[in-house]
Amino acid sequence: MSLLMELGVPPYVVQAIARHADVKITLRVYAHANLDAMRQALGKLDGRLS
């Protein structure tokens, strides 16, 4: 499901696939993946600026 979120699939679609009762649950469960992607992106930027 994290990959679907990273691919830009709308959260309500991921919610339906995961069978979550509320889209808030989906966003909470898979938010860590987005944070990891942001950390990786910032790490690459830091590498270029150093």
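These notes cover the structure that comes with them. (Residues numbered from 1 in each chain as written. Predicted model: local features only at pLDDT ≥ 70, side-chain atom pairs only at ≥ 80, totals over all residues. Heavy atoms only, no water.)

## A closer look at the overall build of the protein chain
When you go through the protein chain residue by residue, the secondary structure sums to 3 helices and 0 strands. The order of helices and strands in the protein chain, counted from the N terminus, is α-α-α. For the protein chain, the C-alpha radius of gyration of 14 Å lies well beyond 10 Å, the compact-globule estimate for 50 residues. The principal-axis extent of the C-alpha atoms belonging to the protein chain is close to 45 × 15 × 10 Å. Considering the protein chain as a whole, with its 50 residues, one finds that 10% of them fall into the buried category. Of the roughly 4,100 Å² of accessible surface on the protein chain, 60% is carried by carbon and sulfur atoms. With 6 positive and 4 negative side-chain charges, the protein chain shows a spacing of 4 Å between the two charge centroids. (Helix = DSSP H or I, 4+ residues; strand = E, 2+ residues; numbered from the N terminus. Rg over C-alpha atoms; globule rule 2.2 N^0.38 Å. Buried < 20%, exposed > 50% of the residue type's maximum accessible area, 1.4 Å probe, protein only. Areas by Shrake-Rupley, 256 points an atom, 1.4 Å probe, with all protein chains shown as cover. Lys, Arg positive; Asp, Glu negative; His and termini not counted. Charge placed at Lys NZ, Arg CZ, Asp CG, Glu CD.)

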